[in-house]
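# Structure at a glance
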Amino acid sequence: ICFLLNTMENNEENNEEIAYTSLNKSRAKRRTSTPMTPIHQPFRSARRGLLTPTSSRRRRRSLRQSTLNQTVEASLKTFSAKDVVNVSWRLFRVSALHNFQSGQTQLRRMERSLQTTFQANMSMGRGIAVEVPETEMRSNGLVNIDIALKPELRGCDRDGNAVDITVTKLASNSDEKDTVIGRAVLCSVGIGELVPCKPPPHGFTHLPLLLMKASASVSKTVVNWLQETFDCGVNGLEFQDEDLRWIATEWACADESDDDMAQRPLSLHYRVTGLEGMSSITYAVQPHSIRSIQQALLDKMKGDERDEENSYAQLLQSIEAHFQNEFKIKISSLSLTRIGTFVAYAGKDGRLKLMPVPGNREEESLLVLKYLTYMTTRPTT
């Protein structure tokens, strides 16, 4: 059963009452609030929303944070999200690549190597395949590999160029069209700025985030090739509850002045266990309602910086408290498995889809990739 709710109409008195009730509850339970990781402060500094720090707080930023923001602004001028948005990705964590070189000659050599790997797998045990002319490849319905650099998928100058791998199944005759059956993007967005990550040793390249769009068999072939060719480890990347809550709060809604394209509701999907007839609850909150709650929370803070930090946890607490008051179901005790914001949809199983946003908000996609890069480099628990 799904609850799809358009909550809290533009009634300021009602919104403030809801926020105030949840605020008192959250203060009484402050020890159980969602913990803030070291990555969150730089993200707050870069975010331009209702919960952005005030100008007085900007003046008190450290030199490191100021340098970060300057680098972020410089990178945004050349960033293009058109190649990664509107695609459902599976996320992977990749260790440092050994002997990875990005020259054109090396890229062509990698294409031939991966193509040979696919041919060997398709030969079904008939031995190691050799290079096949393109005309013969087409007649046998084999694949073609294209590997290209994506310098726009970076967060700063110290990041390596992203690598885009495209796997195309060639048509067997002229009446058919070639079909893209897999795509993988290796990237490092802001790794040198956002996390205290040591640079890799000489001879190693750090592209820790892998975005994969392919079937299970194609994904397995690409992952195995990466591990064998560059002596690296590739593991699935999953979102923790803290990650989903942070993304849901940080990108809860667009600004009121933004284009209609960005005015998407905040969607929270909870898994229900032990209750017959109900397996999940989906809770959708419209952007204008979220902005009203955000403003009500900030008004209650009255400039207290410590409470303003806690307002991040209190936003979702307020929304969950409203649901509990209306339907007598304590969704805060359920497992949050999927979230949808105006810039991205993310699932606990490590799936992500960046949504199209207006041109003036393309930096939001870059910031999401920055957070994903942080997730790949933090210590595992």
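Look up a bit, the structure's there.
Residues numbered from 1 in each chain as written. Predicted model: local features only at pLDDT ≥ 70, side-chain atom pairs only at ≥ 80, totals over all residues. Heavy atoms only, no water.

### Thoughts on the overall build of the protein
Rule in force here: Here a helix means four or more residues in a row that DSSP labels H or I, a strand means two or more in a row labelled E, and each is numbered from the N terminus. The cut-offs for exposure are 20% and 50% of the maximum accessible area for each residue type, with area from a 1.4 Å probe on protein chains only; residues under the lower value are buried, those over the upper are exposed, and the others partly exposed. Reported accessibility uses the Shrake-Rupley method at a 1.4 Å probe radius. Residues are deemed covered only where the shown protein chains occlude them.
Helix and strand counts for the protein stand at 12 helices and 13 strands. A burial count over the protein gives 51% of its 381 residues as buried. If you sum the accessible surface of the protein, you get close to 18,600 Å²; carbon and sulfur atoms cover 49% of it.

### Focus on the nonpolar core
Nonpolar side chains tend toward joint burial in soluble globular proteins. To be explicit about the condition: For this analysis, a nonpolar core means a set of buried residues of the types Ala, Val, Leu, Ile, Met, Phe, Trp, Tyr and Cys, connected via side-chain atoms within 4.5 Å. In this description, contact between two residues means that some pair of their heavy atoms is separated by no more than 4.5 Å.
Counting residues in each nonpolar core, the largest one holds 57 residues, and the members touching the most others are Phe 239, Leu 268, Ile 319, Leu 352 and Leu 372. Broken down by element, the residue count for this core peaks at eight residues, all from helix H12 (residues 363-377). Not counting chain neighbours up to four residues away, the residues in contact with Leu 372 comprise Leu 91, Leu 209, Leu 237, Phe 239 and Leu 352. By size, the runner-up hydrophobic cluster in this structure holds 27 residues, among which are Phe 92, Val 94, Trp 225 and Cys 232.

### Some remarks on the environment of Trp 251
Operational definition: Under the rule applied, a polar contact is a pair of N or O atoms within 3.5 Å (in protein, one hydrogen donor and one hydrogen acceptor; residues adjacent in sequence only if both atoms are side-chain atoms).
Looking at where Trp 251 falls in the secondary structure, it is placed in the loop between helix H9 (241-250) and strand E9 (266-271). Judged by its relative accessible area of 0%, Trp 251 falls in the buried class. C-alpha of Trp 251 to C-alpha of Val 343: the two residues are 92 residues apart in sequence and 6.8 Å apart in space. At 2.7 Å, the side chain of Trp 251 and the side chain of Glu 364 are in polar contact.

### What to know about helix H10 (residues 287-301)
Applied cut-off: Between the first and last residue of a helix there are one fewer steps than residues, each counted as 1.5 Å, and that sum is the expected span.
Taking 1.5 Å per residue as the helical rise, H10 with its 15 residues ought to reach 21 Å, and the 21 Å between its terminal C-alpha atoms agrees with that figure. In terms of burial, H10 is largely enclosed, as 11 of its 15 residues are buried.

### Description of unusual backbone geometry
Located in the positive-phi region is Asn 86, a residue other than glycine, with phi close to 60 degrees. Tracing the backbone through its elements, the reader meets Asn 86 in the loop between helix H4 (63-76) and strand E1 (88-94). For Asn 86, a relative accessible area of 47% gives the class partly exposed.

### Here we look at the packing of helix H5 (residues 104-122) against helix H8 (residues 216-230)
Relative placement of two packed helices is described by the angle separating their axes and the distance separating the axes. Applicable threshold: Interaxial angles span 0 to 180 degrees and are taken between N-to-C directions of axes, which are lines fitted to C-alpha atoms, for helices over the stretch in contact. Throughout this description, any angle smaller than 35 degrees is read as roughly parallel, any larger than 145 degrees as roughly antiparallel, any in the 65 to 115 degree range as roughly perpendicular, and the remainder as oblique. Two helices that cross are described as forming a left-handed crossing if the nearer one is turned anticlockwise from the farther one by less than a right angle, and a right-handed crossing if clockwise.
Packing of H5 against H8 brings their axes to within 10 Å, and their N-to-C directions diverge by 130 degrees. One finds that H5 runs oblique with respect to H8. For the pair H5 and H8, the crossing hand works out as right-handed. Where H5 abuts H8, its residues Met 110, Ser 113, Leu 114, Thr 117, Phe 118 and Asn 121 lie against Val 218, Thr 221, Val 222, Trp 225, Thr 229 and Phe 230.

### Points about the pairing of E1
Our working rule: DSSP-based pairing: two strands are paired if at least 2 bridges between them are found.
One ladder, built from three bridges, connects E1 with strand E13 (residues 351-354); its direction is antiparallel. For Trp 89, the partnering residue across the bridge sits in E13 and is Leu 352. Inspection of the sheet shows E1 paired to strand E7 (residues 209-214) by four bridges, in the antiparallel sense. Across the sheet, residue Arg 93 finds its bridge partner in E7, namely Leu 209.

### What to know about H12
A rise of 1.5 Å per residue sets the reference length of H12, with its 15 residues, at 21 Å; its end C-alpha atoms lie 21 Å apart and thus fit the reference within 8%. Buried residues dominate H12, accounting for 14 of its 15 residues.

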